[in-house]
Amino acid sequence: RLLGVEFGSAIGILLVISQHASIALCVTGFGLSLQEYLPFIPLNLIKLVTIFSLAAISYISTDFALRTQIIIFICIAVSIVSIFGGSAANIPASIEPEKIAMPLSFWMAFAMFFPATTGIDAGMSMSGELKNPSKSLAIGTLLSVVVAFVLYSSITYFLQGQVTPKILRSYPFIVYYLAKFGF
């Protein structure tokens, strides 16, 4: 609103498109991860149930959605602790690098990293919940970038110390085996 109708609309449209792409990529990543545990359930069904669950949570109320985000945040924090608590000793001996590792294409890399960068602006969409949005949005956005960078860098450094690059390319879900608690 502060930027005017023309400029604000142009930015708003791009933000909506990026949020849609982010949701699609995140739901697909979640579905692929969940399918590792439940291979008998079709991926499209997992994605459909996930989208409808998220829509139901959003429909109920903003307050309810914020409470569910706290639960998700706790799950992510426990998962990160589990990653750093694990070691290569947890990886089964049956896992060996494939002879021909598939190269990482531009679109595969884009699908992995795009959701990480679009999630940073998610806090801006909840600016109405903040007491001092002009100060809190700037600090929150910068802190989220720093925290994401530190976490991604730390996990990358930890993985390169535990697993060979060939195994990392051969098994995208190697963290499942590496972590203290795979589930």
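Here is what the cut-offs are and how they apply
- Residue numbers run consecutively from 1 along every chain, following the written order of its sequence.
- A pLDDT threshold of at least 70 governs which residues receive local features in this predicted model, and a stricter bar of 80 or more applies before side-chain atom pairs are shown or counted, although totals over entire chains, interfaces and linings include all residues.
- Derived side-chain values reflect all non-hydrogen atoms in the structure, with water molecules and hydrogen atoms excluded from consideration.
- Comment: elements are numbered from the N terminus, with helices defined as DSSP H or I runs of at least four residues and strands as E runs of at least two.
- The rule is simple: take the accessible area with a 1.4 Å probe, protein chains only, and divide by the maximum for that residue type; under 20% is buried, over 50% is exposed, in between is partly exposed.
- Residues count as neighbours in contact if any of their non-hydrogen atoms are within 4.5 Å of one another.
- Per-residue and other accessible areas were derived by the Shrake-Rupley procedure at a 1.4 Å probe size, with only the shown protein chains allowed to occlude residues.
- Planes of paired rings set the category: under 30 degrees apart is stacked, over 60 is edge-to-face and the rest tilted, where pairs are Phe, Tyr or Trp rings (Trp by its six-membered ring) whose centres lie within 6.5 Å.

## Let's talk about the overall build of the chain
Looking only at helices and strands, one finds seven helices and zero strands in the chain. Counting from the amino terminus, the chain carries its helices and strands in the arrangement α-α-α-α-α-α-α. Burial status across the chain gives 15% buried among its 183 residues. Taking as baseline every contact in the chain between residues at least 6 positions apart, the subset at least 24 positions apart corresponds to 66%. Accessible surface, the chain as shown: approximately 13,500 Å² in total, 73% of it carbon and sulfur.

## Here we look at the packing of aromatic side chains
Applying the stated criterion across every chain yields a total of three aromatic pairs. When the centroid spacing of 5.2 Å and the interplanar angle of 65° are considered together, the rings of Tyr-37 and Tyr-176 count as edge-to-face. Here Tyr-37, found in helix 1 (residues 5-37), pairs with Tyr-176, found in helix 7 (residues 174-178); they are 139 residues apart in sequence, far enough to count as distant. Residue classification places Tyr-176 among the partly exposed residues on the basis of a relative accessible area of 37%. Through a chain of ring-to-ring contacts, three or more aromatic side chains come together here, namely Tyr-37, Tyr-176 and Tyr-177.

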